[in-house]
Amino acid sequence: MATILQTPAVCAITPFDPGHEQVIEFYYTDSQPCKNRLVITDNETGRVVYDKTVESMRLCAVLPGNILSPGKQYLAQIQVFDYDNNHSNLSEPVLFYCLASPRFRLLGYQNGDILRSAAVDLTLDYFQPEQERLKSYRFFLYSGDRILLSSSDTFYSSSPQSYAFTGLNNNTVYCLRATGETVHGVFLDTGYVEITVSYGELPSNAVFSVENNYGGGYIQVATNVIIIGYRLKNDNYRLADGALTLEDNYLLYHSGFRAADDFSLFVEAKQLPPGKFLTTGDDGFSLYIVTICDARYCRLTIGDSDTVCCVPLPIPRTENVEDKPVCPLAAAQLAPLSVPPQEEDASIVFEVKRIGGIYSLHTYYRKNPQEVTI
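Residues numbered from 1 in each chain as written. Predicted model: local features only at pLDDT ≥ 70, side-chain atom pairs only at ≥ 80, totals over all residues. Heavy atoms only, no water.

Undergrad: Please clarify how the overall build of the protein chain should be interpreted in this entry.
TA: From N to C terminus, the protein chain includes one helix and 33 strands. Across the protein chain, contacts joining residues at least 24 apart in sequence account for 54% of those joining residues at least 6 apart. For the protein chain, the accessible surface area stands at approximately 22,900 Å², while carbon and sulfur atoms represent 49% of it. (Helix = DSSP H or I, 4+ residues; strand = E, 2+ residues; numbered from the N terminus. Contact = heavy atoms within 4.5 Å. Areas by Shrake-Rupley, 256 points an atom, 1.4 Å probe, with all protein chains shown as cover.)

What follows is the structure, encoded as structure tokens:
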């Protein structure tokens, strides 16, 4: 008399490309199976599209490629048989999706590319024919022998965003990579893209120290040269007479210096738009141009701290026909509110200092400093 074996349970099935062979695993703990039967049903029509029994002792069934269609939902069921011709009931159906393989790659980079910069901007190219949305993704930077050097946070977005790794060493091989996941759990991987960083270093002004070693018959030359790594968002800039003009652009210094302890920072600028115009990163500080009660201020914020410092922007002092200063309040009232009061095309100096963890902020036209310490 035949015995009914334990009913197996189909494991969760991650969406797959039906053009390729797929292994469907199941859970079963009764007597050793010698055969299994796989039944696939179209979830929309209820029609059985695949029903085949194969000899196997493994707890999995193999679905050949090109049996199912992409963009559709199916139900999978398993039945097992042992050597005594005992069999189980068909398992409970498990729903799964068939999706064509998506395109997931790093845009603009191929193996063997040479990068002429100390920074690499990574952008994902993702496309899936059945409109399967992207759920999350992450970027990785490896050494040439594929040791992880740095990685981004995990981005949870259906629209890929760019990410930059900076401070790359010259004449060095790196590997780039990104991974991701779709809303239905499809794992994505660009694979490793090997690039070589090779860029020319611009000459810097330096102070030389020359020492004549007459005993050894040679001259020793020493210099303190610091190469500051930088990059620009685009080519919308002008450099003339020692002044850099940016239009819909930014300048990022990413290597060559750091301020871990006390420091003084001087920034000279003019024609600044309202909003943030300088930042040293999430753990540093940021400077903004803001309007408070019809007056312009420079605002200093520090990392994630709630501390905020606001310093009035200096007002250009002009002379009237009697050689007396114009009232500063009147000058402020006459100036338009959309931009800082820089109608005379003068430059403002923004001076930030940190001493013993205490920040101070000055703003001035070379004279008449205004200061607040926080």
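Undergrad: Help me understand the sheet that holds strand 2 (residues 9–10) in this model?
TA: Sheets are built from strands paired through backbone hydrogen bonds, the pairs being either parallel or antiparallel. The strand order 2-3-6 describes an open sheet built from three strands, whose pairing is antiparallel. A strand with exactly one partner marks an edge of an open sheet, and here the two such strands are strand 2 and strand 6 (60–63). As judged from the two bridges shared by strand 2 and strand 3 (residues 22–27), these two strands associate in the antiparallel manner. Paired with valine 10 across the strands is phenylalanine 26, a residue of strand 3. (Pairing = 2+ DSSP bridges.)

Undergrad: Could you clarify how one ought to interpret the pattern of salt bridges in this entry?
TA: It is possible for side chains of opposite charge to pair when their charged atoms get near one another. In this structure the tally under the stated criterion is nine salt bridges. Close ionic contact of aspartate 125 with arginine 103 constitutes a salt bridge, the shortest N to O distance being 2.9 Å. A residue pair is termed long-range when its members are at least 10 positions apart, and aspartate 125 in strand 13 (residues 124–127) and arginine 103 in strand 10 (residues 103–106) qualify at 22 residues. Overall, the relative accessible area of 13% leaves aspartate 125 in the buried class. According to the relative accessible area criterion, arginine 103 is partly exposed, its value standing at 38%. A salt bridge links aspartate 121 to arginine 231, with the nearest nitrogen and oxygen atoms 3.3 Å apart. Taken together, the positions of aspartate 121 in strand 12 (residues 120–122) and arginine 231 in strand 22 (residues 229–232) put the pair 110 residues apart, joining distant regions of the chain. Given the relative accessible area of 35%, aspartate 121 is considered partly exposed. When salt bridges with common partners are traced through the structure, they connect Arg103, Arg105 and Asp125 into a single cluster. (Salt bridge = Lys/Arg side-chain N within 4 Å of Asp/Glu carboxyl O. Buried < 20%, exposed > 50% of the residue type's maximum accessible area, 1.4 Å probe, protein only.)

Undergrad: Can you walk me through the sheet that holds strand 29 (residues 295–302) in this structure?
TA: Taken in spatial order, the four strands line up as 27-28-29-30 in an open sheet, and their pairing is antiparallel. The open sheet has two edge strands, strand 27 (275–279) and strand 30 (308–312), and neither has a second partner. The sheet shows a mean angle of 25° between the axes of neighbouring strands, direction not considered. (Axes fitted to C-alpha atoms, helices over the stretch in contact; angles between N-to-C directions.)

Undergrad: Would you mind showing me how to read the nonpolar core here?
TA: In globular proteins that are soluble, nonpolar side chains generally tend to be buried together. If you look at the biggest cluster of nonpolar residues, it comprises 23 residues, and the most contacted ones within it are Leu106, Tyr109, Val120, Leu122, Phe139 and Leu176. For this core, the secondary-structure elements that each account for two or more residues are strand 10, strand 12, strand 13, strand 14 (134–143), strand 17 (172–182) and strand 19 (193–197). Beyond its immediate sequence surroundings of up to four residues, phenylalanine 139 is in contact with Leu106, Leu122, Leu124, Ser151, Ser152, Phe155, Gln161, Tyr163, Phe165, Arg177 and Ala178. (Core = buried A, V, L, I, M, F, W, Y, C linked by side-chain atoms within 4.5 Å.)

Undergrad: How should a nonpolar patch on the surface be read in this particular structure?
TA: Together, Tyr237, Leu239, Leu244 and Leu246 make up an exposed nonpolar region whose accessible area comes to about 370 Å². Of all elements in the fold, only strand 23 (237–240) and strand 24 (243–246) reach the threshold of two or more residues within the nonpolar patch. Here tyrosine 237 shows up in strand 23. Exposure remark for tyrosine 237: the relative accessible area of 37% places this residue in the partly exposed category. (Patch = residues over 30% accessible without salt bridge, like charges linked within 9 Å, V, L, I, M, F, W, Y side chains within 5 Å.)

Undergrad: How do you make sense of the packing of aromatic side chains when you look at a structure like this?
TA: Both the distance between ring centres and the angle between the ring planes are used here to describe each pair of aromatic rings. Enumeration over the complete set of coordinates arrives at 15 aromatic pairs. Both rings, one in phenylalanine 263 and one in phenylalanine 285, keep their centres 6.1 Å apart while their planes meet at 10°; by these two values the pair is stacked. Of this pair, phenylalanine 263 sits in strand 26 (residues 263–269) while phenylalanine 285 sits in strand 28 (residues 285–292); the two residues are 22 residues apart in sequence, bridging distant segments of the chain. Here phenylalanine 285 falls in the buried class, since its relative accessible area comes to 3%. Here the aromatic rings of phenylalanine 277 and phenylalanine 350 are separated by 4.9 Å at their centres, their planes lie at 50°, and the arrangement is tilted. Of the two residues, phenylalanine 277 is situated in strand 27 and phenylalanine 350 in strand 31 (residues 348–355); the sequence distance between them amounts to 73 residues. Owing to a relative accessible area of 1%, phenylalanine 350 belongs among the buried residues under this scheme. Members of the aromatic cluster, each reached through a chain of ring pairs, are Tyr137, Phe139, Phe155, Tyr163 and Phe165. Across the ring face of tyrosine 288, the terminal group of arginine 299 is positioned such that the distance to the ring centre comes to 4.5 Å. (Phe/Tyr/Trp six-rings, centres within 6.5 Å; stacked < 30°, edge-to-face > 60°. Lys NZ or Arg CZ within 6 Å of the ring centre and 35° of its normal.)

Undergrad: Please explain the pairing of strand 28 as it appears in this structure.
TA: Here is the key point about a regular strand: its side chains alternate between the two faces of the sheet. Here strand 28 lies mainly inside the structure; six of its eight residues are buried. With four bridges connecting them, strand 27 and strand 28 associate as antiparallel partners. Its bridge partner lying in strand 28, threonine 279 is registered against serine 286. Where strand 28 folds back onto strand 29 in an antiparallel hairpin, the turn is made up of two residues, including cysteine 293, whose phi is positive at roughly 55°.

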